[in-house]
Amino acid sequence: MTKMTNINHHLTDELIMGYSAGKLPEAIDLLIATHISMCDDCRAAMESYDALGGALLEDDTLITDIADMDDGSLAATLALIGEQKVTAAKPVISDVPAPLAGYIGGSLSDVRWRPVGMGVRQAILQTEGEAVARLLHIPAGVAIPHHSHGGLELTLVLKGAFTDEDGHFGPGDVEIADENTDHTPVADLSEDCYCLAVTDASLKFKSLLPKLIQPFVRI
Amino acid sequence: MEPDQQHWIDCIRRIRDDKDQSAFIDLFRHFAPRVKAFLMRGGTDAALAEETTQEVMATLWNKAHLFDPTRASVATWIFTIARNRKIDAIRKQRRPEPEDIGWGPEAEPDQEDVLSLQQDTARLNEAIKSLPDKQRVLIEHAYFGDLSHSEIAEKTGLPLGTIKSRIRLALERLRHSMA
């Protein structure tokens, strides 16, 4: 899986920052990690927000209550070094980026699809937390019937492309929609479209949104 | 005086190349209490924070060969290890990470690139120090606090854009060298 060069629709700063701070549900982390695997621009943004986390760890005006380690902590850690299993990332052969391949057990052809009508198929992925990740397979030229979803919906194109009222979305592009977005995505005629879609499913997550929607650092 | 960033990079190298315990002890004394404080600030009790911190520091030894000083400071690298461990061990979620693109240089990194990132990092550290207290606390909450904190809507003007450009450049070079 190589980097895409024609990505026009990116993640927002607030999503990247939430990912870097480690505050988002697993399903959203999955979509972000998959997009960043395809997009160096968002990868650089993520590493910058990581740098902010690192700077905070070094800031004595913030870490005013530097915790004492237990007695024997260093010795226990040195002992742990040899015991710890270091799992090297296995090279994955897949038609999707590595973070997603781990969730579908290989490639798009390994996915256990369920029909949802109009020839569209989906597969819900196993994630913890208050958001749902699903793969969508939309046959060429087919429209996803208008659907309502409460809260946030993120759609990342893996293969093929679709068009809706907000524009044309090709591989690597992310569409970010909320309950006010009225859209009817139609897959391009030339090939089938595969997407990773994430919806937030709970009030709890919605209450998390305001602070993420209001970024206080823009890069 | 606080040891500088180069000192921490040297410590990681000494662990990687010589399995140097004294380098590890240096890093441990400085960073372990900070990692523990970071975990406790997020609501983790002291015993679990202690255990998790030991795991984070052991990981640092075992993954020393993966550290790339052209793309992250040592503090940043430790932050990412601690954050991932927190999600995994404390929040009990998997942490999907982006596909690796050669984090872990085969050759020694270009010293000029390492220095530039150090300068950017020093500027960021200074900028955080000079923020008004209220903004500093808000940023700290966003990273270290638990989920239920107040809304954040203030711009801070932190020099993150320069770091982003620097990393963007490093990524381009990496892509070029792999092509």
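Use the structure listed above.
Below or above, wherever it landed, is the structure these notes cover. No experiment lies behind these values; they were computed from the predicted model shown.

Definitions and cut-offs
Residues numbered from 1 in each chain as written. Chains lettered and ligands numbered in written order. Predicted model: local features only at pLDDT ≥ 70, side-chain atom pairs only at ≥ 80, totals over all residues. Heavy atoms only, no water. Helix = DSSP H or I, 4+ residues; strand = E, 2+ residues; numbered from the N terminus. Buried < 20%, exposed > 50% of the residue type's maximum accessible area, 1.4 Å probe, protein only. Axes fitted to C-alpha atoms, helices over the stretch in contact; angles between N-to-C directions. Parallel < 35°, antiparallel > 145°, perpendicular 65-115°, else oblique. Left-handed = near helix turned anticlockwise from the far one by under 90°. Contact = heavy atoms within 4.5 Å. Nonpolar A, V, L, I, M, F, W, Y, C, P; charged D, E, K, R; others polar. Buried area = accessible area lost by both parts, 1.4 Å probe. Salt bridge = Lys/Arg side-chain N within 4 Å of Asp/Glu carboxyl O. Polar contact = N/O pair within 3.5 Å; in protein donor to acceptor, adjacent residues only side chain to side chain.

1. So, the environment of Leu 48 of chain B
Residues and elements named next belong to chain B.
Thinking step 1. Positionally, Leu 48 belongs in helix H3 (residues 46-62).
Thinking step 2. Of the residues examined, Leu 48 reaches a relative accessible area of 28% and is grouped as partly exposed.
Thinking step 3. Considered as a pair, Leu 48 and Ile 90 are 42 residues apart in the sequence and their alpha carbons are 8.3 Å apart.

2. Digging into the packing of helix H5 (residues 111-129) of chain B against helix H7 (residues 160-178) of chain B
Residue and element names in this part refer to chain B.
Thinking step 1. Relative orientation of the contacting elements H5 and H7 amounts to 160°, with a least axis distance of 9 Å. The orientation of H5 relative to H7 falls into the category roughly antiparallel. The two elements H5 and H7 cross, and the hand of that crossing is left-handed. Taken together, the residues of H7 that come into contact with H5 (itself represented by Asp 113, Ser 116, Leu 117, Asp 120, Thr 121 and Leu 124) are Leu 160, Thr 162, Ile 163, Arg 166 and Arg 173.
Thinking step 2. Residues belonging to the contact of H5 with H7 are distributed by class as follows: four nonpolar, three polar and four charged.

3. Things to note about the environment of Glu 126 of chain B
Thinking step 1. Residue position: Glu 126 of chain B is located in helix H5.
Thinking step 2. Distance in space between the C-alpha atoms of Glu 126 of chain B and Pro 159 of chain B is 9.8 Å, their sequence separation being 33 residues.

4. Describing the packing of helix H2 (residues 26-38) of chain A against helix H3 (residues 40-58) of chain A
Residues and elements named next belong to chain A.
Thinking step 1. In contact at an axis separation of 6 Å, H2 and H3 are set at 120° when each is read in the N-to-C sense. Here H2 is positioned oblique relative to H3, judged by the angle of their axes. Across from His 35, Ile 36, Ser 37 and Met 38 in H2, the residues of H3 making contact are Asp 40, Cys 42, Arg 43 and Met 46.
Thinking step 2. Along the lines of polarity and charge, the residues of the contact of H2 with H3 split into four nonpolar, two polar and two charged.

5. Some thoughts on the interface of chain B and chain A
Thinking step 1. Each partner contributes to the interface: chain B provides 76 residues, whereas chain A provides 70 residues.
Thinking step 2. Across the chain B/chain A interface, buried area totals approximately 6,900 Å², and carbon plus sulfur atoms make up 61% of it.
Thinking step 3. For chain B, the biggest contributors to the area lost against chain A are Arg 34, Glu 99 and Tyr 143 of chain B; these three give 12% of the whole.
Thinking step 4. The interface formed by chain B and chain A holds seven salt bridges in total.
Thinking step 5. The residue Asp 29 of chain A makes a salt bridge to Arg 95 of chain B at a minimum N-O spacing of 3.4 Å.
Thinking step 6. Where chain B meets chain A, there are 30 residue pairs in polar contact (both at pLDDT 80 or more).
Thinking step 7. The set of elements that each furnish at least two residues to the side of chain B that touches chain A consists of helix H2 (21-41), H3, helix H4 (74-90), H5, helix H6 (133-144) and H7 of chain B.
Thinking step 8. In terms of residue count, H2 of chain B provides more of the side of chain B that touches chain A than any other element does, 15 residues in total.

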